[in-house]
Amino acid sequence: NQSVDMFALSLTAFQLLKGRHPFRDADGWNPQMQKEADWSDKLEDMSPEAKDFILRSGARRSVQRLHVVMALIHPFITRAKLLVPIMKEYRSSDLE
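These numbers come from a predicted model, not from an experiment. (Residues numbered from 1 in each chain as written. Predicted model: local features only at pLDDT ≥ 70, side-chain atom pairs only at ≥ 80, totals over all residues. Heavy atoms only, no water.)

1. A look at the overall build of the protein chain
Okay, step 1: When you go through the protein chain residue by residue, the secondary structure sums to six helices and two strands.
Okay, step 2: Seen in sequence order, the protein chain has helices and strands lined up from the N terminus as α-β-β-α-α-α-α-α.
Okay, step 3: In the protein chain, which comprises 96 residues, the share counted as buried stands at 31%.
Okay, step 4: Within the protein chain, contacts between residues separated by at least 24 positions form 46% of all contacts whose residues are at least 6 apart in sequence.
Okay, step 5: Of the roughly 6,400 Å² of accessible surface on the protein chain, a fraction of 54% belongs to carbon and sulfur atoms. (Helix = DSSP H or I, 4+ residues; strand = E, 2+ residues; numbered from the N terminus. Buried < 20%, exposed > 50% of the residue type's maximum accessible area, 1.4 Å probe, protein only. Contact = heavy atoms within 4.5 Å. Areas by Shrake-Rupley, 256 points an atom, 1.4 Å probe, with all protein chains shown as cover.)

Here it is in structure tokens:
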């Protein structure tokens, strides 16, 4: 399911940027943190683009998460300039 994949992507992005899992605290895995899925206090030292990408792709409600194509054109991704050649192949009809 795409929404699950986007949530997993948000976890991966967080881990790459912070070097730790967002739902792990000093005592180890914290299931309450996962249930609450509150990222806000963990993103303070990230760029605005990174914060937005993680919050939108990791939204608690799956219907609020970024669509895969919208994630590919998100400034956090496109600023890296890695996907520019790939994105030129997408058309607006791909978003439907």
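Next comes the rest of the write-up.
2. So, the packing of helix 1 (residues 2-18) against helix 3 (residues 48-57)
Okay, step 1: One can describe the packing of helix 1 onto helix 3 by two numbers: an axis separation of 8 Å at closest approach and a directional angle of 145°. In this structure, the crossing between helix 1 and helix 3 has a hand that is left-handed. Here Met-6, Phe-7, Leu-9, Ser-10, Ala-13, Phe-14 and Leu-17 of helix 1 come into contact with helix 3, specifically with Ala-50, Phe-53, Ile-54 and Ser-57.
Okay, step 2: Grouping the constituent residues of the contact of helix 1 with helix 3 by class yields nine nonpolar, two polar and no charged. (Axes fitted to C-alpha atoms, helices over the stretch in contact; angles between N-to-C directions. Left-handed = near helix turned anticlockwise from the far one by under 90°. Nonpolar A, V, L, I, M, F, W, Y, C, P; charged D, E, K, R; others polar.)

3. Quick word on helix 3
Okay, step 1: Restricting attention to buried positions, one finds in helix 3 the residues Ala-50, Phe-53, Ile-54 and Ser-57. Along the long axis of helix 3, the arc covered by the buried residues comes to 90°, so they all point the same way.
Okay, step 2: Where helix 3 is buried, its residues meet helix 1, helix 4 (68-72) and helix 5 (75-78). (Arc of directions from axis to C-beta.)

4. Observations regarding helix 1
Okay, step 1: End to end, helix 1 covers 24 Å across 17 residues, agreeing with the expected 24 Å (1.5 Å per residue, within 8%).
Okay, step 2: The elements touched by buried residues of helix 1 are helix 3 and helix 4.
Okay, step 3: Backbone geometry just downstream of helix 1 places Gly-19 in the positive-phi region, at approximately 80°. (Expected span 1.5 Å × (residues − 1).)

5. What to know about the packing of aromatic side chains
Okay, step 1: Going through the model one piece at a time under the given rule, you end up with one aromatic pair.
Okay, step 2: Measuring from centroid to centroid gives 5.2 Å for Phe-53 and Phe-76, while their planes differ by 35°, and the two rings are tilted. Here Phe-53, found in helix 3, pairs with Phe-76, found in helix 5; they are 23 residues apart in sequence, far enough to count as distant. (Phe/Tyr/Trp six-rings, centres within 6.5 Å; stacked < 30°, edge-to-face > 60°.)

6. Quick look at the nonpolar core
Okay, step 1: In terms of nonpolar packing, the biggest core is built from ten residues, these being Met-6, Ala-13, Phe-14, Leu-43, Met-46, Ala-50, Phe-53, Ile-54, Leu-66 and Ala-71.
Okay, step 2: Secondary-structure elements contributing two or more residues to this core are helix 1 and helix 3.
Okay, step 3: Setting aside its immediate chain neighbours within four residues, Phe-53 contacts Leu-9, Ala-13, Gly-58, Leu-66, Ala-71, His-74, Phe-76 and Ile-77. (Core = buried A, V, L, I, M, F, W, Y, C linked by side-chain atoms within 4.5 Å.)

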